[in-house]
Amino acid sequence: MSATISIPYAPRPWQQAVHQAMQGHRYTVVVAHRRSGKTVLSVATLISAAIATQGGRFAYVAPSIKQARSITWNLFKEQTQAIPGMTFRESENRMIFPNGAEIALFSGEQHDAMRGIGLDGVVL
């Protein structure tokens, strides 16, 4: 039995083009102006990947952990509120999906914390 999961994200035309361009590529680089929607695109991409990957491990990396939390934590919560069984581990800066996939927030300042954890996808 499978369920349809819908997140409240409607990509702008340029974001839709990025999603299409990402198909079949290992890396994607987006250069865009302030307030263009890069973070919303990144969060939606990570959530979609986590939903589609049983037990996958993903990360969002910002210059500092404080920035990562202030920029994305509430956005992740809003975008996943319709997913039953989501777990948010506030103290670990990590969210766990019902399929066992995880998204964690990391700091570029403490990049060694990511060493050897075997990530399936990362947004920097």
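First things first, this report covers the structure right here in the doc. Just so you know, these numbers come straight off a predicted model, no measurement behind them.

About the criteria used
For every chain, the first residue of the written sequence is number 1, and numbering continues from 1 along that sequence. Thresholds applied to this predicted model are a pLDDT of at least 70 for local features of residues and 80 or more for the giving and counting of side-chain atom pairs; totals over whole chains, interfaces and linings are not thresholded and use all residues. Calculated side-chain values reflect all of the structure's heavy atoms, with hydrogen atoms and water omitted. Strands are runs of DSSP state E lasting at least 2 residues, helices are runs of H or I lasting at least 4, and numbering of each runs from the N terminus. Classification of residues uses two cut-offs on accessible area relative to the type maximum, computed with a 1.4 Å probe and protein chains only: under 20% is buried, over 50% is exposed, and between them is partly exposed. Polar contacts, as counted here, are pairs of nitrogen or oxygen atoms within 3.5 Å of one another; within protein the pair requires one atom able to donate a hydrogen and one able to accept it, and residues that are adjacent in sequence qualify only if both atoms are side-chain atoms. Should any heavy atoms of two residues lie within 4.5 Å, those residues are counted as being in contact. For two strands to pair, DSSP has to find at least two bridges joining them. Working convention: axes come from line fits to C-alpha atoms, limited for helices to the stretch in contact. Angles between N-to-C directions cover 0 to 180 degrees.

## Let's talk about the side chain of Ser 36
Assignment of secondary structure puts Ser 36 in the loop between helix H1 (13-22) and helix H2 (38-52). Residue classification places Ser 36 among the buried residues on the basis of a relative accessible area of 3%. Within the structure, the side chain of Ser 36 is placed 2.9 Å from the backbone oxygen of His 33, a separation counted as a polar contact. Leaving out residues up to four positions away in the same chain, Ser 36 has contacts with Arg 12, Trp 14 and Gln 15.

## Observations concerning the sheet that holds strand E2 (residues 87-89)
If you walk across this open sheet you meet the five strands as E2-E3-E4-E1-E5, and the pairing is mixed. Taken across any chain shown, the strands that pair with only one partner, and hence form the sheet edges, are E2 and strand E5 (121-123). Averaged over neighbouring strand pairs, the angle between their axes works out to 15° when direction is ignored. The pairing of E2 with strand E3 (residues 94-96) spans three bridges and is antiparallel. Bridge pairing in E3 places Phe 88 opposite Met 95. Where H2 meets the sheet, it contacts strand E1 (57-62), strand E4 (102-107) and E5, and its direction lies at approximately 165° from that of E1. Contacts from helix H3 (residues 65-80) reach E1, E2, E3 and E4 within the one sheet, and its direction differs from that of E4 by about 160°.

Nothing here speaks to function; it is geometry throughout.
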